Amino acid sequence: MTDLFEASGIHPPDAPLADRLRPQALDQVVGQDHLLGPGGPIRRMIEAGRLGSMILWGPPGTGKTTIARLLAKAAGYEYQSISAVFSGVADLKKAFEAARMRRSAGQQTLLFVDEIHRFNRAQQDGFLPFVEEGIVTLVGATTENPSFELNGALLSRSQVYVLKRLDDASLDQLLSRAETLMERSLPLTPEARQAMLALADGDGRYLLTMSEVLFDLPQSEPLDVQALAGVLQKRAPAYDKSREEHYNLISALHKSVRGSDPDAALYWLARMLNGGEDPLYLARRIVRMAVEDIGQADPLSLLVANAAKDTYDFLGSPEGELALAQAVVHLATAPKSVGVYEAFKAAKRAAHETGSLMPPAHIRNAPTKLMKQLGYGKGYQYDPSTPEGFSGANFFPDEMERRTFYQPKGEGHEEKVKARLERWAAMRDRVQGEKG
């Protein structure tokens, strides 16, 4: 049940600043105009006078709880909230029963479920009949990717709306509202104010929590950036090694290397290290980049990547991290080729298709007299001993037409490899033509 302060929209004087500044209408929500502005999907829902179940997915401090409250208020629904962190099956049953009783009295219920991804699959299934029957309109809030954390059945009955992290303009708007409420300006220089916006990292609630600390300081000269850092403790970056952010950042690092952008690659490497990522995980991914995206265009890249892994293993942090950075720069600035990567995939497909075809007789091993009598090894030429160092023999099964898997683009080291392969192909065609 909401208390009297909450029901009236008035917050007690000792409430946190973030609560006292909580918007009282959807128009006051900042940073989410793509959902709440004219033509936005949630705005259209309100104008139509009927809410549908939805999942609000976004970073902390972007307004998920506030939007749910204001949706209930705008649509005339009873607002009821539970948290997946503190609630269990018994709490859910009580919430659904209360909603059923309201519905029988003609009152709709908006059930807000904070951290909905923390409910297990069976608990999520428990929502389905009540959502389908319209007993509750579900508004779930999550900081995690719903595709990974929520049941497909629940997702199919809800719209997923993505909330954006608050940009500097939106955060500055919150600071201005705080200053209006407190009837004084924050004691910050312009540079320190900008640093504070950066420190908030898109989280409006955290920004207002920091502001409250500054408003409680004795009146003094405005704080510069260094003084601000002394007052506020920098929080850890928003990064969870087991969640979506992990995959987003490693994807950004890999694609920056693949896209030959060493500056962006170094940035994402630093972001992951600052977030507490295991450097040896990063070393493994760097080795993968060397073989997947660079390959024969710069064979040295694999040696550099492995050396970086060994160096980190030897030195540890922080000194060993420099070896990872050196490898990332080398890979990002190296010529790129997926020739070997694509060739091996094609060869694996061909091996699967052709089954157990035997090698041609001339390259089969002949350790016994019988095998020699059967023609094993007959006519084999030792390529290094030929005048050209190349015999032009066929090494595919006799029943299989020759296929070309490896097709170098001609970048970096592969430029010479490509010319050599073309020369050998011409010689092979000549030799096979003479045999035919």
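Residues numbered from 1 in each chain as written. Predicted model: local features only at pLDDT ≥ 70, side-chain atom pairs only at ≥ 80, totals over all residues. Heavy atoms only, no water.

Visitor: I'd like to hear about the side chain of R193, residue by residue, with values.
Guide: Among the structural elements, R193 can be located in helix 12 (residues 190–200). Leaving out residues up to four positions away in the same chain, R193 has contacts with D172, L175, S176, E179, L186 and L188. (Helix = DSSP H or I, 4+ residues; strand = E, 2+ residues; numbered from the N terminus. Contact = heavy atoms within 4.5 Å.)

Visitor: Account for the pattern of salt bridges, naming residues and giving values.
Guide: Tallying each qualifying case throughout the model produces 14 salt bridges. One salt bridge connects R258 with D293, and the closest N-O pair in it is separated by 2.9 Å. One end of the pair, R258, is in helix 15 (residues 244–258); the other, D293, is in helix 17 (residues 279–294), and 35 residues separate them in sequence. In this structure R258 comes out as partly exposed when scored by relative accessible area, which is 37%. Take D293: its relative accessible area is 6%, and that puts it in the buried class. R288 serves as the salt-bridge partner of E292, at 2.8 Å between the closest nitrogen and oxygen. (Salt bridge = Lys/Arg side-chain N within 4 Å of Asp/Glu carboxyl O. Buried < 20%, exposed > 50% of the residue type's maximum accessible area, 1.4 Å probe, protein only.)

Visitor: Please give an account of helix 16 (residues 262–274) that cites residues and values.
Guide: A rise of 1.5 Å per residue sets the reference length of helix 16, with its 13 residues, at 18 Å; its end C-alpha atoms lie 18 Å apart and thus fit the reference within 8%. If you check which residues of helix 16 are buried, you get P262, A265, L269, M272 and L273. Projected down its long axis, helix 16 carries its buried residues within an arc of 100°, all on one side. Residues of helix 16 that are exposed and point more than 90 degrees away from the buried face comprise D263 and N274. Two or three places before D263, at the start of helix 16, stands the capping residue D261, its side-chain oxygen 3.3 Å from that residue's backbone nitrogen. A positive phi of about 95° marks G276, the residue just after helix 16. (Expected span 1.5 Å × (residues − 1). Arc of directions from axis to C-beta. Polar contact = N/O pair within 3.5 Å; in protein donor to acceptor, adjacent residues only side chain to side chain.)

Visitor: Quick one: what's the story with unusual backbone geometry, residue by residue and with numbers?
Guide: Of the consecutive residues S317 and P318, the connecting peptide bond is found in the cis state with omega at 0°. Checked against the element boundaries, P318 lands in the loop between helix 18 (300–315) and helix 19 (319–333). Located in the positive-phi region is E183, a residue other than glycine, with phi close to 65°. Relative to the helices and strands, E183 is located in the loop between helix 11 (168–182) and helix 12. Positive phi is not limited to glycine here, since D201 has a value of about 55°. In this fold, D201 is placed in the loop between helix 12 and helix 13 (204–215). Classification of D201 as partly exposed rests on a relative accessible area of 35%.

Visitor: Please provide a residue-by-residue account of the nonpolar core, values included.
Guide: Of all hydrophobic cores here, the largest spans 27 residues; its most connected members are L253, V257, L269, L282, I286, V328 and L331. For this core, the elements supplying multiple residues, two or more each, are helix 15, helix 16, helix 17, helix 18 and helix 19. The biggest single contributor to this core is helix 17, with eight residues. In contact with V257, not counting residues within four places along its chain, are A265, M289, V328, L331, A332 and K336. (Core = buried A, V, L, I, M, F, W, Y, C linked by side-chain atoms within 4.5 Å.)

Visitor: Would you mind going over the sheet that holds strand 1 (residues 54–57) in detail, with residue names and values included?
Guide: The strand order 2-3-4-1-5 describes an open sheet built from five strands, whose pairing is parallel. Looking at the sheet topology across the chains shown, the edges are occupied by strand 2 (78–83) and strand 5 (159–162). When strand polarity is set aside, the average angle formed by the axes of neighbouring strands in this sheet is 20°. In the sheet, strand 1 pairs with strand 5 via four bridges, with the strands oriented parallel. Pairing of I55 across the sheet is with V160, part of strand 5. Here helix 5 (residues 64–75) sits on the sheet and contacts strand 1, strand 2, strand 3 (109–114) and strand 4 (137–142); the angle it forms with strand 3, its principal contact strand, is near 175°. (Pairing = 2+ DSSP bridges. Axes fitted to C-alpha atoms, helices over the stretch in contact; angles between N-to-C directions.)

Visitor: I'd like a description of the packing of helix 17 against helix 19, backed by residues and values.
Guide: Between helix 17 and helix 19, the shortest axis-to-axis distance is 11 Å and the interhelical angle comes to 20°. Taken as axis vectors, helix 17 and helix 19 run roughly parallel relative to one another. The crossing of helix 17 and helix 19 is left-handed. For the pair formed by helix 17 and helix 19, the contact residues are P279, A283, I286, M289, A290 and I294 on the first element and L324, A327, V328 and L331 on the second. When the residues that make up the contact of helix 17 with helix 19 are grouped by side-chain class, the tally is ten nonpolar, no polar and no charged. (Parallel < 35°, antiparallel > 145°, perpendicular 65-115°, else oblique. Left-handed = near helix turned anticlockwise from the far one by under 90°. Nonpolar A, V, L, I, M, F, W, Y, C, P; charged D, E, K, R; others polar.)

Visitor: Just give me the short version of the packing of aromatic side chains, but keep the residues and values in it.
Guide: One pass over the full model with this rule turns up seven aromatic pairs. Ring centres 6.3 Å apart and planes at 25° place the aromatic pair Y79 and F112 in the stacked group. Taken together, the residues Y79 in strand 2 and F112 in strand 3 connect sequence positions 33 residues apart. Through a chain of ring-to-ring contacts, three or more aromatic side chains come together here, namely F96, F119, F127 and F130. (Phe/Tyr/Trp six-rings, centres within 6.5 Å; stacked < 30°, edge-to-face > 60°.)

Visitor: Now, about the confidence of the model for the chain: what can you tell me, with residues and values included?
Guide: Overall, the predicted model of the chain reaches an average pLDDT of 88, with 94% of residues at or above 70. The model gives residues 1–9 a pLDDT under 50, and that stretch makes six contacts with residues more than four places away or in other chains. (pLDDT = per-residue confidence, 0-100.)

Visitor: Which residues make up the pairing of strand 3, and what are the values?
Guide: Here strand 3 lies mainly inside the structure; five of its six residues are buried. With six bridges joining them, strand 2 and strand 3 adopt parallel strand pairing. When the sheet's bridge partners are listed, S83 is paired in strand 3 with D114. The β-α-β motif built from strand 2, the intervening helix 6 (residues 89–104) and the parallel element strand 3 has right-handed crossover chirality. Bridging between strand 3 and strand 4 involves four bridges; their strand directions are parallel. Along strand 4, the bridge assignment pairs V113 with G140. (Right-handed = clockwise from strand over helix to strand, strands pointing away.)

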